[in-house]
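Reading the structure
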Amino acid sequence: MVDASSWTKYPDNPIFSGLGLPGIWDSVHVANPFVTYGNGTYRMWYQGTNSKWQIGYTTSLNGISGWDRLPYSIIYPDSTNIWENEDEDPTIVYALGKYRMWYSAVKATWAQGGIDRMELRYAESDLGTNWVKLNCVMKGTLGTWDAGGINRGKSILYKDGVFHMWYTGTNENPVETNPYWRIGYATSNDGCTWIKQNNSAPVIEPTETWELNNVSFPNVIFENGIYHMWYAAGTGNAPTRFVYAYSTDGIGWIKPKDQNPVLDKGESSSFDSDYVTQPFVLHDDGEYKMWYSGMGSGKWSIGYATNPTIPIPLFIPTPRPTATPIPTPTNTPIPTPTNTPTPNPTPTPSPSKKVIVIPGIGGSWNRDALLNCKSSGYSGNWSNWTVANADIYQPLLTGLTSAGYQPIPFWYDWRKRVTDSAIILNSFINQNRESDEVVDVVGHSMGGFVGRAYLESTKESSHTDAFLTVGTPHEGVALAYPAWSGGEIWIDDVNMRLAFTMLQIGCSIRHGWSGRETVANLLPSIRNILPTFPYLKDKLTGSLKPASSMSAKNNWLPTAFNFPFFGVRMGTLTGTGRDTLKQIEVTSPSRLDQRLGNWLDGKPTGNKYYADGDGTVLTTSGQLPDVENHTLPLSHSGLVTNQLGIQAIIDFLNDTTEQQPLLRQMQQNQQLIKPTRRTTALLIVVDGAHASLTDKNGKTYQDADGQITILEPSEDSYTLRVTPDNPRWWPWWRKHENKVLVIQLFEDGTSKWKAYSQTGFSARHWKLRFDRLHKTEDILHEN
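Values in this document were obtained by computation on a predicted structure and should not be read as measured data.

What counts and what doesn't
- Residues numbered from 1 in each chain as written.
- Predicted model: local features only at pLDDT ≥ 70, side-chain atom pairs only at ≥ 80, totals over all residues.
- Heavy atoms only, no water.
- Phe/Tyr/Trp six-rings, centres within 6.5 Å; stacked < 30°, edge-to-face > 60°.
- Helix = DSSP H or I, 4+ residues; strand = E, 2+ residues; numbered from the N terminus.
- Buried < 20%, exposed > 50% of the residue type's maximum accessible area, 1.4 Å probe, protein only.
- Contact = heavy atoms within 4.5 Å.
- Arc of directions from axis to C-beta.
- Disulfide = S-S within 2.5 Å.
- Axes fitted to C-alpha atoms, helices over the stretch in contact; angles between N-to-C directions.
- Parallel < 35°, antiparallel > 145°, perpendicular 65-115°, else oblique.
- Left-handed = near helix turned anticlockwise from the far one by under 90°.
- Nonpolar A, V, L, I, M, F, W, Y, C, P; charged D, E, K, R; others polar.
- pLDDT = per-residue confidence, 0-100.
- Pairing = 2+ DSSP bridges.
- Core = buried A, V, L, I, M, F, W, Y, C linked by side-chain atoms within 4.5 Å.
- Salt bridge = Lys/Arg side-chain N within 4 Å of Asp/Glu carboxyl O.

Per the counting criterion, the structure on display carries 39 aromatic pairs. Aromatic pair F16 and Y46: ring centres 4.9 Å apart, planes at 75°, arrangement edge-to-face. Of this pair, F16 sits in the loop between β1 (8–9) and β2 (29–38) while Y46 sits in strand β3 (residues 41–49); the two residues are 30 residues apart in sequence, bridging distant segments of the chain. This pair shows no difference in class: F16 is buried, exactly as Y46 is.

Set out below in structure tokens:
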């Protein structure tokens with residue numbers, strides 16, 4: 001038998017931890033991972049907590065780093081169910097066209113003695129991120145070894161039309177003073193009703209010295225006619241090592257002495273120095289990979305280990321005589337999502353075919369226009385807006401180039417009406433193509449509207465081969481209403497928040513405009529994205545207001561944009577799995593609001609209704625009938641920054657994707673939730689000068705076209721150096737004035753700002769400190 005125990009822990013463990021940020025649901029602990037791999041992406045479901053365990057979801061391109069987690073939990077406790085004080089231990093199987101999750105719902109009294117403190121529950125999902133709980137429950141059997149409940153892990157395989165589950169249960173003992181954990185086996189035809197096998201007795205009990213006193217957290221894979229199980233063992237309530245066994249029928253298990261134990265808890269200074277749980281093993285690319293949870297210094301995190309060997313027995317073991325086996329499964333299992341799919345090769349496109357990339361709101365930058373509230377007559381051209389020294393569209397541009405395309409970004413004034421921007425886009429495309437050349441177009445967010453308006457105006461003479469809208473709200477977006485009717489920015493996108501804040505500041509200084517007046521006078525594009533579906537809900541009557549009868553009414557949508565789309569191959573890419581604004585509950589505006597022209601269709605209350613989408617655009621709004629609709633579990637910005645979204649864009653351009661059904665129903669019931677925490681930011685804009693910002697560690701940020709942005713700035717002191725421009729032609733007797741604008745964005749959505757001016761050509765040094773608790777406008781102090 002080859003070695004099944006040669007596991008090597010990743011040197012930079014843990015690979016996934018709690019964020020440590022107040023108010024975040026998984027900020028303290030994360031544990032018990034379940035991982036799948038497909039289409040170049042690792043998907044992980046896990047449990048996390050800052051007070052009560054819940055279940056979350058994250059993705060990574062390599063399964064180790066760069067985890068892009070959803071900002072909310074996807075399975076959370078139901079206050080009407082006494083068993084759901086906490087939700088733990090997710091196990092997922094994709095079978096019969098659905099994602100299926102089994103998890104443990106736990107009573108508050110789980111640690112105390114008694115029956116039914118924990119139970120197995122069930123949920124279904126079309127995409128793996130939005131789950132519907134069903135009334136399927138498996139409990140312990142009264143008077144037996146699992147009478148206390150089902151918890152501490154389970155492993156489920158869908159094989160030969162049957163669900164096979166190995167699960168952990170406990171008796172009526174208090175688990176902290178007299179722990180008793182054993183592993184049983186059950187089968188089901190539908191995943192809901194389970195039949196316990198082996199005469200309802202455990203199939204794994206601690207019979208060997210390396211199993212210590214308790215066994216739990218089974219993980220089973222099936223290869224070459226053999227079931228392989230890695231599971232946890234410990235002397236007390238929490239395990240401290242992993243062990244291994246194998247079987248031909250899932251009931252009688254061989255525990256090889258020379259292979260055990262498999263992996264122990266770490267040294268005193270390691271992240272897993274106290275306990276280890278949930279060894280999840282995936283056979284991927286000729287190597288066995290293990291994700292597991294470990295505790296050290298009172299904190300649970302997720303670690304990673306690898307084993308390059310293949311644990312296939314060289315003989316067929318004989319089941320234990322005491323076992324009552326079910327029919328021996330065949331050697332042709334139905335694939336589960338843990339199998340590694342064979343990637344399809346990416347076709348090579350025509351050499352250097354041009355792709356026009358159109359960014360959305362806040363994707364383009366012009367210092368004079370934004371800082372000085374100018375709708376025209378401003379100096380310079382629009383360019384890419386680098387936030388935190390990174391261009392949000394650079395990953396997409398790089399990916400297109402690597403795929404053999406020639407991406408050409410169209411930086412434009414996103415404040416203009418989309419029909420006005422479409423005219424400029426037409427000229428831009430004609431300038432960048434040969435007389436007989438056709439191009440592809442990719443438009444993100446509002447950029448998709450600009451491309452759409454371009455096709456509607458040029459029709460069959462667009463010189464466009466394929467057009468993909470990415471996160472574009474073809475039915476409008478509810479977040480436009482607070483901006484258009486009240487001058488308020490509810491969205492979390494940092495580029496948009498910074499852009500709107502700068503505009504409000506510049507227009508307030510220059511014209512004395514309110515936020516709403518700034519949007520109405522300088523951002524007519526916002527009216528182009530107001531929803532065409534009913535989204536304002538009257539608090540008193542509960543009725544929805546028809547969008548066509550509102551004062552804040554879209555003056556562009558809907559338009560005649562239908563198949564065959566002027567001969568252009570059309571597609572959409574939308575995100576899902578993020579809480580997205582669908583409805584706004586409103587009351588009548590006050591007399592002051594009416595006098596100021598604010599909230600004429602209704603003033604929002606504290607309640608906001610959410611449904612499924614990418615965090616900005618509803619999934620249904622981002623799709624169109626009779627086109628290639630594609631949906632991914634990504635955020636609005638992730639559609640163009642995450643490798644999964646970039647590959648989907650390339651696949652569409654290559655014409656290698658299959659159309660998905662048009663989603664006309666929400667994948668998740670509407671919920672009343674609180675707004676999520678927003679990203680904090682520090683923005684410094686200089687006019688007539690250059691700037692650099694240095695943090696306490698000596699790292700220096702240089703301004704890019706007059707601006708420096710720091711995301712999630714620390715509360716330590718920064719040093720700002722401002723060096724005025726010194727043109728040679730400037731006469732010595734004339735004063736040279738430069739301006740410095742400092743903007744702070746806080747996690748509750750508020751902002752502080754102050755404009756500074758100075759004269760002369762001498763460099764000046766300032767100290768500043770970003771303080772989340774004591775918010776002040778004047779944070780610059782001369783050094």
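There is more to say, and it comes next.
Right, let's get into the environment of G169. Inspection of the secondary structure puts G169 in strand β11 (residues 162–170). Residue class for G169 comes out buried when judged on its relative accessible area of 0%. Residues within four places of G169 in sequence aside, it is in contact with W145, D146, G149, N151, Y180, W181 and R182.

What follows is about helix α2 (residues 394–402). Since the α-helix packs 3.6 residues into each turn, any two residues three or four apart lie on the same face. Among all positions of α2, only L396, L397, G399 and L400 are buried. Each buried residue of α2 sits inside an arc of 165° when the element is viewed along its axis, so together they form one side. Tucked into the core, α2 has its buried residues touching β21 (353–358), β26 (405–409), α9 (638–641) and α10 (643–654). Just downstream of α2 lies G404, where phi reads positive at about 100°.

One pass over the structure, following the stated rule, counts two disulfides. Note on cysteine connectivity: C136 is disulfide-linked to C192, with sulfurs 2.1 Å apart. The disulfide joining C136 to C192 has a torsion of about -100° about its S-S bond and is therefore left-handed. Here the residue C136 occupies a position in strand β9 (residues 132–138), and C192 occupies one in the loop between β12 (181–188) and β13 (195–196), the gap between them amounting to 56 residues. Under the relative-accessibility criterion, C192 is labelled partly exposed at 22%. Here C373 pairs with C507 through a disulfide, and the sulfurs are 2.0 Å apart. The sign of the S-S torsion, about 95°, decides the handedness of the disulfide formed by C373 and C507: right-handed. One end of the pair, C373, is in the loop between α1 (367–371) and β23 (383–384); the other, C507, is in helix α6 (residues 494–511), with 134 residues separating them in the sequence. C507 shares its class with C373; the two are buried. Bonded cysteines in the chain are paired 1-2, 3-4 when counted in the order they occur along the chain.

It is worth spelling out the environment of A232 at this point. With respect to the secondary-structure elements, A232 resides in strand β15 (residues 226–234). Of the residues examined, A232 reaches a relative accessible area of 0% and is grouped as buried. Considered as a pair, A232 and P261 are 29 residues apart in the sequence and their alpha carbons are 9.7 Å apart. Beyond its immediate sequence surroundings of up to four residues, A232 is in contact with N214, V215, S216, F217, P239, R241, F242 and V276.

The next thing to look at is the packing of α2 against α10. Their axes nearest at 10 Å, the elements α2 and α10 cross at an angle of 40°. Of the possible angle classes, the one that applies to α2 and α10 is oblique. The chirality of how α2 crosses α10 is right-handed. Judged by residue contacts, P395, L396, G399 and L400 of α2 engage I646, I649, I650 and L653 from α10. Along the lines of polarity and charge, the residues of the contact of α2 with α10 split into seven nonpolar, one polar and no charged.

All right, on to unusual backbone geometry then. In this model, N13 is joined to P14 through a cis peptide bond whose omega is 0°. Of note, P14 is situated in the loop between β1 and β2. The omega torsion across N260 and P261 is -5°, close enough to zero to call that bond cis. Tracing the chain through its elements places P261 in the loop between β16 (241–247) and β17 (263–264). Even without a glycine there, the phi angle at S297 is positive, about 55°. Topologically, S297 is positioned in the loop between β19 (287–296) and β20 (299–307). Positive phi outside glycine occurs at F565, with the angle close to 55°. Along the chain, F565 falls in the loop between β29 (536–538) and β30 (569–575).

This part covers the confidence of the model for the chain. Residue-level pLDDT values for the chain average 85, and 87% of them are 70 or greater. Ignoring residues within four places in sequence, the model shows residues 310–350, a span with pLDDT below 50, making 93 contacts including any to other chains. Within the model, pLDDT remains below 50 along residues 663–676, and this stretch shows 35 contacts once partners closer than five positions in the same chain are excluded.

The antiparallel open sheet is built from four strands, whose spatial order is β1-β20-β19-β18. The sheet terminates laterally at β1 and β18 (275–284), the two strands that pair on one side only.

Here we take up the sheet that holds strand β42 (residues 764–769). With antiparallel pairing, the five strands of this open sheet are ordered in space as β37-β36-β39-β42-β43. Each edge of the open sheet carries a strand with a single partner, namely β37 (700–702) and β43 (781–782). Note that strand β39 (residues 717–724) and β42 share six bridges and pair antiparallel. From the neighbouring strand, R721 faces β42, where its bridge partner is H765.

In contact at an axis separation of 8 Å, helix α3 (residues 418–431) and helix α4 (residues 446–458) are set at 75° when each is read in the N-to-C sense. With respect to α4, the axis of α3 lies roughly perpendicular. Contact residues: α3 offers V418, T419, S421, A422, L425, N426 and I429, while α4 offers M446, F449, V450, G451, A453, Y454 and T458. By residue class, the composition of the contact of α3 with α4 is nine nonpolar, five polar and no charged.

We now examine the nonpolar core. In this structure, I356, W414, L425, Y481, I526 and Y535 are the most contacted members of the largest nonpolar core, which totals 78 residues. Residue contributions to this core peak at eight residues, all from α6. Excluding anything up to four places from it in sequence, L425 contacts I356, I358, F410, V450, G451 and Y454. Counting 29 residues, the second largest nonpolar core, distinct from the first, contains V35, I55, I64 and I302.

This part takes up the environment of Q259. If you trace the backbone, Q259 turns up in the loop between β16 and β17. Take Q259: its relative accessible area is 4%, and that puts it in the buried class. Here the alpha-carbon distance between Q259 and V243, two residues 16 residues apart in the chain, equals 8.1 Å.

Within strand β4 (residues 54–60), seven of the seven residues are buried, leaving the element largely enclosed by the surrounding structure. Side chains Q54, G56, T58 and S60 of β4 all project onto a buried face; the interleaved residues I55, Y57 and T59 project onto the opposite face, where all are buried too. Two strands pair when backbone bridges link them, and β3 and β4 are joined in this way by seven bridges, in the antiparallel orientation. Counted as the bridge partner of Y46 is G56 from β4.

A few words on the pattern of salt bridges. Tallying each qualifying case throughout the model produces 29 salt bridges. Between R772 and E715 there is a salt bridge whose closest N-O contact spans 3.7 Å. With R772 in the loop between β42 and β43 and E715 in the loop between β38 (707–711) and β39, the pair connects residues that are 57 residues apart, well separated along the chain. A network of salt bridges, in which partner residues are shared, links E84, E119, R121 and K133.

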